[in-house]
Amino acid sequence: MAPKAEPTSTPPASAVERAYSRYSLDAKKLAFLLTRDEAQAEDLMQDAFIRVLGRMNHLRHPEAFWSYLRRTVIHLSISQSRRTRSERDVIGAVGSTQLASGITRQDLIIERESMIDRIRALPSNQRVAVVLRYYEDLTVREIATIMRTSEGTVRSWLSRAMKALAVQHGKEQRDDDRW
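Residues numbered from 1 in each chain as written. Predicted model: local features only at pLDDT ≥ 70, side-chain atom pairs only at ≥ 80, totals over all residues. Heavy atoms only, no water.

## Concerning the overall build of the protein chain
A count of helices and strands for the protein chain gives seven helices and zero strands. The order of helices and strands in the protein chain, counted from the N terminus, is α-α-α-α-α-α-α. Across the 179 residues of the protein chain, 35% fall into the buried class. A separation of at least 24 residues holds for 69% of the contacts in the protein chain among residues at least 6 apart in sequence. Element-wise, carbon and sulfur atoms account for 51% of the exposed surface of the protein chain, whose accessible area totals about 11700 Å². (Helix = DSSP H or I, 4+ residues; strand = E, 2+ residues; numbered from the N terminus. Buried < 20%, exposed > 50% of the residue type's maximum accessible area, 1.4 Å probe, protein only. Contact = heavy atoms within 4.5 Å. Areas by Shrake-Rupley, 256 points an atom, 1.4 Å probe, with all protein chains shown as cover.)

## With respect to the packing of aromatic side chains
In the structure shown here, the tally under the stated rule is four aromatic pairs. Measuring from centroid to centroid gives 5.1 Å for Tyr20 and Phe49, while their planes differ by 50 degrees, and the two rings are tilted. Here Tyr20, found in helix 1 (residues 13–35), pairs with Phe49, found in helix 2 (residues 38–54); they are 29 residues apart in sequence, far enough to count as distant. Under the relative-accessibility criterion, Tyr20 is labelled partly exposed at 36%. You can call Phe49 buried: its relative accessible area is 3%. When the ring of Phe49 is compared with that of Phe65, the centres are 5.8 Å apart and the planes differ by 45 degrees; the resulting orientation is tilted. Here the residue Phe49 occupies a position in helix 2, and Phe65 occupies one in helix 3 (residues 65–84), the gap between them amounting to 16 residues. An aromatic cluster is present here, built from Tyr20, Tyr23, Phe49, Phe65 and Trp66 joined pairwise through their rings. The ring of Tyr134 carries Arg133 above its face, with NZ or CZ at 5.8 Å from the centroid. (Phe/Tyr/Trp six-rings, centres within 6.5 Å; stacked < 30°, edge-to-face > 60°. Lys NZ or Arg CZ within 6 Å of the ring centre and 35° of its normal.)

## Focus on the confidence of the model for the protein chain
A residue-level look at the protein chain finds 70% of positions with pLDDT of 70 or above and a mean pLDDT of 76. Averaged over each element, pLDDT in the protein chain is lowest for helix 4 (residues 105–120) (77) and highest for helix 6 (residues 140–147) (91). Contacts from residues 86–100, a stretch scored under 50 in pLDDT, to residues over four places away or in other chains number 38 contacts. (pLDDT = per-residue confidence, 0-100.)

## Re the environment of Leu30
Relative to the assigned elements, Leu30 resides in helix 1. Note: C-alpha distance between Leu30 and Arg70 (40 residues apart in sequence) is 7.8 Å. When neighbours within four sequence positions are excluded, Leu30 is seen to be in contact with Arg70, Val73, Ile74, Val131, Leu132 and Glu136.

## Things to note about helix 2
Taking 1.5 Å of rise per residue, 17 residues should cover 24 Å, and helix 2 covers 24 Å from first to last C-alpha, within 8% of that figure. Along helix 2, the positions that sit buried rather than exposed are Ala41, Leu44, Met45, Ala48, Phe49, Val52 and Leu53. One face of helix 2 carries all of its buried residues, which in axial projection span an arc of 150 degrees. Pointing more than 90 degrees away from the buried face of helix 2 are the exposed residues Ala39 and Ile50. Backbone nitrogen of Ala39 and a side-chain oxygen of the N-cap are separated by 3.1 Å at the start of helix 2; the cap is Asp37. (Expected span 1.5 Å × (residues − 1). Arc of directions from axis to C-beta. Polar contact = N/O pair within 3.5 Å; in protein donor to acceptor, adjacent residues only side chain to side chain.)

## Considering the nonpolar core
Most often, soluble globular proteins have nonpolar side chains that are buried together. One finds Phe49, Phe65, Leu69, Ile74, Leu132 and Met147 to be the most contacted residues of the largest nonpolar core, which totals 42 residues. Secondary structure elements with two or more residues in this core: helix 1, helix 2, helix 3, helix 4, helix 5 (124–135), helix 6 and helix 7 (151–178). Examining the composition of this core, we find that eight residues originate from one element, helix 3, more than from any other. Residues contacting Leu132, with those up to four places away along its chain left out, are Leu30, Arg70, Ile74, Asp137, Leu138, Ile143, Ile146 and Met147. (Core = buried A, V, L, I, M, F, W, Y, C linked by side-chain atoms within 4.5 Å.)

## Re unusual backbone geometry
Backbone geometry at Arg36 places phi at a positive 60 degrees, although glycine is not the residue there. Tracing the sequence through the fold places Arg36 in the loop between helix 1 and helix 2. A residue is classified by how much of its surface remains accessible, and Arg36, at 22% relative accessible area, is partly exposed. The backbone phi angle of Arg148 is positive, close to 55 degrees, even though this residue is not glycine. Structurally, the position occupied by Arg148 is in the loop between helix 6 and helix 7.

As structure tokens, this is what we get:
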């Protein structure tokens, strides 16, 4: 008599492989935008896969795997952020400044890196909202669904983030003018 097979909590290996090959790069990119650290992004992506695949048999809509995975990456990022550092005062900068002639590619790269650092310094909910809205190009409604909050809360986070980024941008401009 053959032993009974133990019920598994993950889908068959072929389904896991297909899901991983289809979604891992997007999940890692999202995690990188949220953490700005390649090693952390890789860890977040893998942790998210483990969690979602472990619950695969219990998902209401298994065909929406990417939505579950994205939400898990975001929530893990927020949790990690809360564990590793206390939230800072809102800082950052976003500017719609006109590019003057004479700005080099290197200047643009430095500005982009600086912007990413300032966005990363935002409180986790504001940072996630900014990344989803302006990098993932999601609507406020989609962000609210992913973050399990109201649309008004998402608008508030985005508004606060943009104000903080504008204030920080002004501080940097004044600091640069001193030299």
